[in-house]
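Architecture and fold: a report
Here is what each chain is made of, one letter per residue.
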Amino acid sequence: EYPFDYLSGYVYGEATTSINPANSHLLLRTPKLNLSLAPIDTKLIFYFHAYGADIGNLVLRYGTDGNMFANTWENFTTLWPQIENSIRYFNGTEYIENQNEISGQIQPTINSNWYRAEVDLTTIPDYETFEGYFLFDYQTGEDYEGDFAIDNVLIRGERPTLQWVQDCTDEYPDCAGQSTDCA
């Protein structure tokens, strides 16, 4: 749970149909990220609030060149494929696992706590060397009661443990007096 008091500057998709027609795609792209810096158990984590009778659905996409312009939705989804079966989120009672999207009203009231979601980025092809962008794609519902908000987005992962191995042929003085496994 993410207490309401911690909100520091959230972003939301405005579902008012006079601003965005029903079933509009509202897009938010991250800065360019390099997953090779933390390639073990890498997750995109964020907190969200989804209250309203007309909540649509949020999916996560990824891409490498940052281009958000395409002449058709099919071309766009080719440039920005969806991250599938990798969303895990809290619904107020339990964690919902291996989802393609977060959809429908999740919070029971407008003043409910924000809930945590995690996206397993290890499902992206070649994620260990992925350098690119992530895209929050919120498709609005049918009417104005469908604002979806996100806050506190971060990437969490681990670095591999590095172990220094001395080369037996190392002639540099920084190796002097060091024990080695060299026979």
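Reading guide: rules and limits
Residues numbered from 1 in each chain as written. Predicted model: local features only at pLDDT ≥ 70, side-chain atom pairs only at ≥ 80, totals over all residues. Heavy atoms only, no water. Helix = DSSP H or I, 4+ residues; strand = E, 2+ residues; numbered from the N terminus. Buried < 20%, exposed > 50% of the residue type's maximum accessible area, 1.4 Å probe, protein only. Contact = heavy atoms within 4.5 Å. Areas by Shrake-Rupley, 256 points an atom, 1.4 Å probe, with all protein chains shown as cover. Pairing = 2+ DSSP bridges. Axes fitted to C-alpha atoms, helices over the stretch in contact; angles between N-to-C directions. Core = buried A, V, L, I, M, F, W, Y, C linked by side-chain atoms within 4.5 Å. Polar contact = N/O pair within 3.5 Å; in protein donor to acceptor, adjacent residues only side chain to side chain. Salt bridge = Lys/Arg side-chain N within 4 Å of Asp/Glu carboxyl O.

Things to note about the overall build of the chain
Secondary structure summary: the chain contains 1 helix and 11 strands in total. In the chain, the succession of α and β elements from N to C terminus is β-β-β-β-β-α-β-β-β-β-β-β. Per-residue burial for the chain yields a buried fraction of 38% across its 183 residues. Taking contacts inside the chain between residues at least 6 apart in sequence as the whole, the part at least 24 apart equals 78%. Summing over all exposed atoms, the chain offers an accessible surface of approximately 10,900 Å²; the carbon and sulfur share of this is 47%.

Regarding the sheet that holds strand E6 (residues 87-90)
Ordered in space as E1-E11-E4-E9-E6-E7, the 6 strands form an open sheet in which the pairing is antiparallel. Where the open sheet ends on each side, the last strands, each with one partner, are strand E1 (11-13) and strand E7 (95-99). In this sheet, adjacent strand axes meet at a mean angle of 25° when their direction is disregarded. Judged from the 8 bridges that link them, strand E4 (residues 40-50) and strand E11 (residues 148-158) form a sheet pairing that is antiparallel. Each bridged residue has a counterpart across the sheet, and for His49 the counterpart in E11 is Ala149.

Re the nonpolar core
Ranked by size, the top nonpolar core spans 29 residues in total, and within it Phe46, Phe48, Ile102, Phe134 and Phe148 carry the most contacts. The set of elements that each furnish at least two residues to this core consists of E4, strand E5 (57-63), E6, strand E9 (115-120), strand E10 (131-139) and E11. With 4 residues, E4 is the single largest residue contributor to this core.

Brief notes about the environment of Pro39
On the secondary structure map, Pro39 appears in the loop between strand E3 (33-34) and E4. Sequence separation of Pro39 and Phe130 is 91 residues, and the distance between their C-alpha atoms is 9.2 Å. Setting aside residues no more than four positions away along its own chain, Pro39 makes contact with Tyr127, Glu128, Glu158, Arg159 and Pro160.

Focus on the side chain of His49
Mapped onto the elements, His49 comes out in strand E4. Note on His49: relative accessible area 9%, which makes it buried. Within polar-contact distance, the side chain of His49 engages the backbone oxygen of Ile110 at 3.3 Å. Among the polar contacts listed, one links the side chain of His49 to the backbone oxygen of Ser112, at a separation of 3.2 Å. Once you skip the residues sitting within four places of it in the chain, His49 turns out to touch Gln107, Thr109, Ile110, Ser112, Asn113, Trp114, Asp147, Phe148 and Ala149.

Focus: the pairing of E11
Note that E1 and E11 share 3 bridges and pair antiparallel. Considered in E11, the bridge of Tyr12 is made with Ala149.

Looking at the pattern of salt bridges
Tallied over the full model, the rule gives 5 salt bridges. The partner of Arg61 in a salt bridge is Asp137, with the nearest N and O atoms 2.9 Å apart. Of this pair, Arg61 sits in strand E5 while Asp137 is found in strand E10, placing the two residues 76 residues apart along the sequence. Between Glu97 and Arg88 there is a salt bridge, with its nearest N and O atoms 2.9 Å apart. For Glu97, a relative accessible area of 39% translates into the label partly exposed. By sharing partners, the salt bridges in this structure join Arg88, Glu97, Arg116 and Glu118 into a single network.

Here's the deal with the environment of Leu60
Take Leu60: it is sitting in strand E5. The spacing of Leu60 and Glu84 is 24 residues in sequence and 8.2 Å in space, taken between C-alpha atoms. Those residues within four positions of Leu60 in sequence are excluded, and the remaining contacts are Phe46, Pro81, Gln82, Ile83, Ile87, Val119, Leu135 and Phe136.

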